[in-house]
Protein chains: 2
Amino acid sequence: MYTVLAGGVGASRFLQGLAAAVPQREITVISNTGDDLDFAGLHVSPDTDIVIYALAGAVNPETGWGLAGDTFAVVEALERFGYPRWFNLGDRDLAMSLHRTRLLREGWPMHRIAAELARAWGLEVRLLPMSDDPVRTLIEGPEGELPFQEYMVRLRTEVEVRGFRFAGAEAARPAPGVLEAIREARAVILAPSNPFVSIGPILAVPGIREALAGTRARRAAVSPIIAGQVVKGPAAKMLASLGHEVSALGVARLYRGLIDLFVLDTADAGLAPEVEALGMRALVTETLMTTPERKRALAAAVLAALEAAP
Amino acid sequence: MYTVLAGGVGASRFLQGLAAAVPQREITVISNTGDDLDFAGLHVSPDTDIVIYALAGAVNPETGWGLAGDTFAVVEALERFGYPRWFNLGDRDLAMSLHRTRLLREGWPMHRIAAELARAWGLEVRLLPMSDDPVRTLIEGPEGELPFQEYMVRLRTEVEVRGFRFAGAEAARPAPGVLEAIREARAVILAPSNPFVSIGPILAVPGIREALAGTRARRAAVSPIIAGQVVKGPAAKMLASLGHEVSALGVARLYRGLIDLFVLDTADAGLAPEVEALGMRALVTETLMTTPERKRALAAAVLAALEAAP
C-alpha cells in the first residue's frame, strides 16, 4: 500500500503516474483541504477535486485544474447578484461542489464525502481529506492575512508572503484512516506539491507529522522545484520571500527528519551531495511530468528507489 | 396600487401586460411558493422566478419558464451523482437559486430575498411571496401524495388528481405586507393561473382569503380556461377529475364571493349570463396573450372594467 500526501496540480500529475505504475486500490491519497473555500454558499475543495479529475482522466489539461471542456454559465450569471468573477468555477465543476455541499448539510463527514465523490468518478484509490474538521490556510502578507484562494486566484500570488497560518489546525483531528495510512503503508510519498501551502496544512493537523516521523514505512518526497523554478504555483516565490534557498535543496531542508529519500531532477544533480548531507538519500531522475510516460516513469523510479533502500 | 395574486406562466404573461399598462412601481405581486422545492440542496422557487424573468424580459419565450438561451451543464453533470434529470434547471436559472439558498442560510426571510432578486433584475414591482413560511403543495393521486413538481414535471401531469394538500399552510403566516397589499389596493386581480395549485395555495395561507373577501378594493379574476381548454398546465384536467365543469364558468364558481369581476374570453361569451348569476360582473374580451399588444390590451381592459364599476 502506498500513501501520498497531496496538494493540487503537481500532486495530481504524480498520482496519474503512480496509478499507471500500481493498481489504484493500492493507493491512499491524503488530500489538502486547507484551501477549501465557501463560494456562493458552496463548499469547494479545489485540491481534492483536482486529484479526482486528474485520476478520472477528466481534468482540463491546459490549466491542470477544473474539468476539460467545462463552461462558466453559473459564475457569469452570479455576477448579477454581486458575486466576484475571479473565482472561476466551471459549471460541471460546480455540480460536484453542489453535491458535496448537500451531503455536508445532511451531516456527512468530509472523508465519507470524498469517498463518495471518488466512487462516483469511478476511482478505486482511497481518497482521504487530511481532516473532517475545517482548516483554512491564511497567507500573511504586508497588509494582513488573506484567505488562500484570494492570494492565489484573485491576487495571482502578487503579494509578498511573510508567513502562514492554518486556522483551525490546532483543534483539527486527522480524518479516520489518515494516521493508519501513514503508519501502515509500505511507502509514504510527499507529492511534488508546495511544501508550505499544500503539504504544510496536512502536516499541521496534530498527529500527522508525528505519524510520518515515526512510521516504519519508507518515505520519499519529490521536489516541486526544478533548476530553481517551480512548474506551477508560488512555491519558488515563497521559498525566496521566507529566506530559504530557492532550489530543490531548500525544499529538502524543509522535510529533514520526515523522509528517507528525496527525489530531484537531473537538472539539479549537483545538489545531490548536499541533500544526502541532510540525512536522506537522493534520487536524481527526470521529474518534469509532461507526458503520461514521464509521469509513470517518475512514479516507478521513486518506488524502485524506495524498494532498493537498505 | 394594483395587487396581483400570481402563479407561474399565465400570471407572468398577464403581469407583462399589466406592467405595460401601468408603472411597475404601482404593482404588487403576491407569488405562489407552494411549488417551491429542494433540488440538490438548492431552494428553487419556480413561480417566483418565472414572474421575475418574464418582467425582466429574460424568460424563455418557448417554454414560458426558465431563461432564454440558458444551458444545462450543471443538471447534466449532477446525473453522475445520482440526481434525477427530470427537473430541468438551467445553469443561469440555477445561479438564482444558488443566491437565494445562500441568503436563506444566512437567515434572510423569503420576502426580503424576493425583493433582492427582483432588484437584481432591475424590476420595480413589489414582489412578495405569499408567506415566509414553507407551504408545500401536494397532489393527492391514486397512489398517495406527490410533491407538486413530481406531478407536474416528472410525471407530466399523467396522474388522476383527487385532491390537494397545502402542507404547512395552517401554520404559515402571510409575508409582511401581503394582507395590507390586498386590503389597501385600488384593485386586486387573480391572474389567469391554475385556481387549485397556483391561486389555491395563496388563499390557503390563513388571513389571505379573509383579506380578499373583506377588502374594499375592486377585485377581478381572469379565466385560465378558454373554450374549455387551458393554455398551459393541468387546470382543465383538474377541473374534470374533481367534478367541476371544465369551462370558464367552472373557474368562476370557485371564486364566488372573492371577486367582483370575472374576465372570460370572447370564445366563451355565451357563459357570461351564468357567470353574472354567480353575483359577479362578466367582462368578455380577448384573453389569449400571444403578443405584447394582446397582453397589454387584456390588462388595460381589466383595469378599465374595474374602474367602470358602480
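Just above sits the structure.
Computed from a prediction, not measured in an experiment: that's the story for all the values here.

Asks: Can you tell me about the pattern of salt bridges, naming the residues and giving the values?
Replies: Residues and elements named next belong to chain A. Considering all chains together, one arrives at 30 salt bridges over all chains under this definition. For glutamate 106, the salt bridge identified is with arginine 102, shortest N-O distance 2.9 Å. Its salt-bridge partner being arginine 119, residue glutamate 116 comes within 3.2 Å of it at the nearest N-O pair. Placement of both glutamate 116 and arginine 119 in helix H5 (residues 110-120) is noted, with a separation of 3 residues, approximately one turn of the helix. The exposure class assigned to arginine 119 is exposed, which follows from its relative accessible area of 51%. One continuous salt-bridge network, built from bridges that share partners, spans Glu76, Glu79 and Arg85.

Asks: Can you explain the relation of the copies chain A and chain B? Please cite residues and give values.
Replies: Rotating chain A by 180° and moving it 0.0 Å along the rotation axis overlays it on chain B with an RMSD of 0.0 Å. Taken together, these values place the two copies in the relation of a two-fold axis. Every residue of chain A has its C-alpha some distance from the rotation axis, and the shortest such distance is that of Asp91(A), at 3.7 Å. Most of the interface of chain A is mirrored in chain B, where 100% of its interface residues again form contacts.

Asks: So what's going on with the interface of chain A and chain B? Which residues, and what values?
Replies: Counting residues at the interface gives 23 residues for chain A, matched by 23 residues for chain B. Note on chain A versus chain B: buried area summed over both sides is about 2,100 Å², and carbon and sulfur give 71% of it. Summed over the three residues of chain A that lose the most area to chain B, namely Arg80(A), Phe81(A) and Leu98(A), the buried surface amounts to 29% of that side. Taken together, the connections running from chain A to chain B amount to 0 salt bridges. There are 6 residue pairs in polar contact (both at pLDDT 80 or more) connecting chain A and chain B. Of all the elements, helix H4 (residues 91-105) of chain A adds the most residues to the side of chain A that touches chain B, at 9 residues. Looking at side-chain class alone, the side of chain A that touches chain B contains 15 nonpolar, 3 polar and 5 charged residues.

Asks: I'd like to hear about the sheet that holds strand S9 (residues 187-190) of chain B, residue by residue, with values.
Replies: All names here are of chain B. Read from one edge to the other, the open sheet built from 7 strands follows the order S5-S2-S1-S9-S10-S13-S14, with strand pairing classed as parallel. Strands at the two margins of the open sheet, each flanked by one partner only, are strand S5 (126-129) and strand S14 (281-285). If you compare each strand with its neighbour and ignore which way they point, the axes differ by 20° on average. Sheet analysis places strand S1 (residues 2-6) next to S9, joined by 4 bridges and oriented parallel. The residue bridging threonine 3 from the neighbouring strand is valine 188, located in S9.

Asks: I'd like a description of the pairing of strand S2 (residues 27-31) of chain A, backed by residues and values.
Replies: Residue and element names in this part refer to chain A. With 5 of its 5 residues buried, S2 lies for the most part within the structure. Neither face of S2 is left uncovered, since the one carrying Ile27, Val29 and Ser31 and the one carrying Thr28 and Ile30 both have all their residues buried. Looking at chain direction, strand S1 (residues 2-6) and S2 are connected through 5 bridges and run parallel. Note that in S2 the partner of alanine 6 across the bridge is serine 31. By the bridge criterion, 4 bridges tie S2 to strand S5 (residues 126-129) in an arrangement that is parallel. Looking across to S5, one finds that serine 31 is bridged to proline 129.

Asks: Any details on the side chain of Arg219(A)? Residues and values, ideally.
Replies: Residue and element names in this part refer to chain A. Inspection of the secondary structure assignment puts arginine 219 in strand S10 (residues 218-222). Within polar-contact distance, the side chain of arginine 219 engages the backbone oxygen of leucine 258 at 3.3 Å. Those residues in contact with arginine 219 that sit more than four places away from it in its chain are Val188, Leu212, Ala213, Gly257, Leu258, Ile259, Asp260, Leu261 and Leu306.

Asks: Describe the sheet that holds S2(A), naming the residues involved and giving the relevant values.
Replies: Residues and elements named next belong to chain A. Taken together, 7 strands build an open sheet; the order of strands is S5-S2-S1-S9-S10-S13-S14 and the sheet is parallel. A single partner strand is all that each edge strand has here, and the edge strands are S5 and strand S14 (281-285). Strand-to-strand, the axes of this sheet are offset by a mean angle of 20°, without reference to chain direction. Pairing of strand S9 (residues 187-190) with S10 involves 4 bridges; the strand directions are parallel. Bridge pairing links alanine 187 to arginine 218 in S10.

Asks: Residues and numbers for the nonpolar core, please.
Replies: One finds Leu18(A), Val302(A), Leu18(B) and Val302(B) to be the most contacted residues of the largest nonpolar core, which totals 122 residues. Every residue in contact with Leu18(A), bar those within four places of it in the chain, is listed here: Tyr2(A), Val4(A), Ile27(A), Ala299(A) and Leu303(A).

Asks: Give a description of the packing of helix H1 (residues 9-21) of chain B against helix H13 (residues 292-307) of chain B that names residues and reports values.
Replies: All names here are of chain B. Contact pair H1 / H13: the axes reach a minimum separation of 7 Å and the direction vectors enclose 75°. Here H1 is positioned roughly perpendicular relative to H13, judged by the angle of their axes. Residue-level inspection shows Arg13, Phe14, Gln16, Gly17, Leu18, Ala20 and Ala21 of H1 in contact with H13, the latter providing Lys295, Arg296, Leu298, Ala299, Ala300, Val302 and Leu303. Across the contact of H1 with H13, the residue classes break down as 9 nonpolar, 2 polar and 3 charged.

Asks: Mind laying out the side chain of Asp70(A), listing which residues take part and the relevant values?
Replies: All names here are of chain A. Locating aspartate 70 in the fold gives a position in the loop between helix H2 (46-55) and helix H3 (73-78). One buried charged side chain, aspartate 70, makes no salt bridge at all; its nearest oppositely charged neighbour is arginine 92, positioned 4.7 Å away. Leaving out residues up to four positions away in the same chain, aspartate 70 has contacts with Gly90, Asp91, Arg92 and Asp93.

Asks: Residues and numbers for H2(A), please.
Replies: Residues and elements named next belong to chain A. Extensive coverage of H2 is indicated by the burial of 10 of its 10 residues. Every buried residue of H2 is listed here: Pro46, Asp47, Thr48, Asp49, Ile50, Val51, Ile52, Tyr53, Ala54 and Leu55. Looking one or two residues past H2, glycine 57 carries a phi angle of roughly 75°, positive in sign.

Asks: Could you give an account of the pairing of strand S13 (residues 261-265) of chain A, naming the residues involved and the relevant values?
Replies: Residue and element names in this part refer to chain A. Of all 5 residues in S13, 5 are buried; the element is thus mostly enclosed. As paired elements, S10 and S13 share 3 bridges and run parallel to each other. Paired with alanine 220 across the two strands is leucine 261, which belongs to S13. In this sheet, S14 lies alongside S13 in parallel orientation, the contact comprising 5 bridges. By the bridge assignment, aspartate 265 is partnered in S14 with threonine 285.

Asks: Give me the lowdown on the packing of aromatic side chains, citing residues and values where you can.
Replies: Under the definition given, this model contains 12 aromatic pairs over all chains. Ring plane angle 50° and centroid distance 5.5 Å describe the contact between Phe39(A) and Phe87(A), whose orientation is recorded as tilted. Taken together, the residues span a long stretch of sequence, with Phe39(A) in strand S3 (residues 37-39) and Phe87(A) in the loop between H3 and H4 at a distance of 48 residues. By the burial criterion, Phe39(A) is buried, and Phe87(A) matches it. In textbook terms, an aromatic cluster arises when at least three aromatic residues are bridged by ring pairs, as seen for Phe39(A), Tyr83(A), Trp86(A) and Phe87(A). The ring of Trp121(A) has Arg80(B) sitting right over it, with the charged end atom 3.5 Å from the ring centre.

The rules behind these values
- Here the residue numbering is sequential within each chain, running from 1 through the sequence in written order.
- Here every chain gets a letter starting at A, and every ligand a number starting at 1, in the order they are written.
- Reporting in this predicted model follows two pLDDT cut-offs: at least 70 for local features of residues, and 80 or more for side-chain atom pairs to be given and counted; totals over whole chains, interfaces and linings ignore these cut-offs and use all residues.
- Derived side-chain values reflect all non-hydrogen atoms in the structure, with water molecules and hydrogen atoms excluded from consideration.
- When a carboxyl oxygen of Asp or Glu is within 4 Å of a side-chain nitrogen of Lys or Arg, the pair counts as a salt bridge.
- Put simply, DSSP H or I for four residues or longer makes a helix, DSSP E for two residues or longer makes a strand, and each gets a number counted from the N terminus.
- Any residue under 20% of the maximum accessible area for its type is buried, any over 50% is exposed, and the rest in between are partly exposed; the area is computed with a 1.4 Å probe on protein chains only.
- Each copy is superposed on the other by least squares, with the fit set by C-alpha atoms of residues at a pLDDT of at least 70 in both.
- By definition, residues are in contact when any of their heavy atoms lie within 4.5 Å.
- When two parts are put together, the accessible area they lose, computed with a 1.4 Å probe and summed over both, is reported as buried area.
- Here a polar contact means two N or O atoms within 3.5 Å. Within protein one must be a hydrogen donor candidate and the other an acceptor candidate, and residues neighboring in sequence count only if both atoms are side-chain atoms.
- When residues are sorted by character, Ala, Val, Leu, Ile, Met, Phe, Trp, Tyr, Cys and Pro go into the nonpolar class, Asp, Glu, Lys and Arg into the charged class, and all the rest, Gly among them, into the polar class.
- Between any two strands, at least two bridges found by DSSP are needed for them to pair.
- Axes, fitted as lines to C-alpha atoms, cover a helix only where it is in contact. Angles between the N-to-C directions of the axes lie from 0 to 180 degrees.
- In this description, a nonpolar core means a group of buried Ala, Val, Leu, Ile, Met, Phe, Trp, Tyr and Cys residues linked to one another through side-chain atoms lying within 4.5 Å.
- Should an angle lie under 35 degrees it is considered roughly parallel, over 145 roughly antiparallel, and from 65 to 115 roughly perpendicular; all remaining angles are considered oblique.
- Positive charges come from Lys and Arg, negative ones from Asp and Glu, while His and the chain ends are left out of the count.
- Centre distance within 6.5 Å is the pairing criterion for rings of Phe, Tyr and Trp, where only the six-membered ring of Trp is used; planes under 30 degrees apart are then read as stacked, over 60 as edge-to-face, and the remainder as tilted.
- Note on geometry: a ring has a charge over it if NZ (lysine) or CZ (arginine) is within 6 Å of the ring centre and within 35 degrees of the ring normal.

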